[in-house]
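Residue-level listing of the chains:
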Amino acid sequence: MSLVVRNLQRAVPLRRARLRENVQAVRRALGVQRFDLGVICVDNRKIQQINRIYRDKNTPTDVLSFAFHENLKAGEIPQPDFPDDYNLGDIFLGVEYIFQHCKENEDYYDILTVTATHGLCHLLGFTHSTEAEWRKMYQKEKQVLEELSRHTGTRLQPLIRDLF
């Protein structure tokens with residue numbers, strides 16, 4: 001199914017083709033390539049607005065995920081009854097925030113890929129509210145990123161490696 005990558009910001013340069021290619025590989029690794037997915041790239045102002053409205057946090061952030069299928073257990077693949085339900089949801093990437101927080105030795109597109117992977121895991125029911133949930137999500141992200149790294153020659157690490 002389709003992957004839509006939209007760039008709704010002008011704060012930082014963005015090559016959508018590279019991000020799209022990496023997100024497609026992550027979808028394959030997670031076994032969800034037959035589901036529609038939206039990835040929307042926004043600036044700090046927009047991600048802060050969305051974060052304030054939906055999470056009551058008036059600050060920019062790196063990623064916000066809005067799942068089409070609610071109440072999935074961690075790692076559960078949706079089992080749609082209708083063709084229109086083959087949708088995972090939308091991931092909003094705060095690309096300006098991500099760019100500003102990249103360390104000197106980090107590749108911006110690698111961090112975008114890691115952040116999108118984190119958001120995609122949220123769409124599949126993973127959370128990190130407790131240490132046990134964090135461990136499960138961390139292991140899934142690690143597995144997916146290791147598989148992607150084998151294909152790309154990069155060394156991608158999960159976003160939340162030091163949460164607990």
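Residues numbered from 1 in each chain as written. Predicted model: local features only at pLDDT ≥ 70, side-chain atom pairs only at ≥ 80, totals over all residues. Heavy atoms only, no water.

- The name that an unreviewed UniProt entry assigns to the protein is Ribonuclease, with the source organism given as Lipotes vexillifer.
- Listed under Cofactor (unreviewed entry) in UniProt, the entry text for the protein is "Zn(2+)".
- UniProt, in the comment section headed Sequence similarities (unreviewed entry), describes the protein in these words: "Belongs to the endoribonuclease YbeY family." (UniProt positions renumbered as here; feature names shortened; annotations may be inferred.)

## A word on the nonpolar core
And step 1. Counting residues in each nonpolar core, the largest one holds 39 residues, and the members touching the most others are Leu-37, Leu-93 and Leu-112.
And step 2. Elements with a minimum of two residues in this core: β1 (3–7), α1 (16–30), β2 (36–42), β4 (87–94), α3 (95–101), α4 (108–123) and α5 (131–152).
And step 3. Ranked by the residues each element gives to this core, the list is headed by α4, at eight residues.
And step 4. Not counting residues up to four positions away in its chain, the partners in contact with Leu-37 are Ser-2, Leu-3, Val-4, Val-23, Arg-27, Leu-88, Gly-89, Ile-91, Leu-120 and Leu-123.
And step 5. Judged by nonpolar contacts, the second largest core, of six residues, contains Ile-40, Val-42, Leu-64 and Phe-92. (Core = buried A, V, L, I, M, F, W, Y, C linked by side-chain atoms within 4.5 Å. Buried < 20%, exposed > 50% of the residue type's maximum accessible area, 1.4 Å probe, protein only. Helix = DSSP H or I, 4+ residues; strand = E, 2+ residues; numbered from the N terminus. Contact = heavy atoms within 4.5 Å.)

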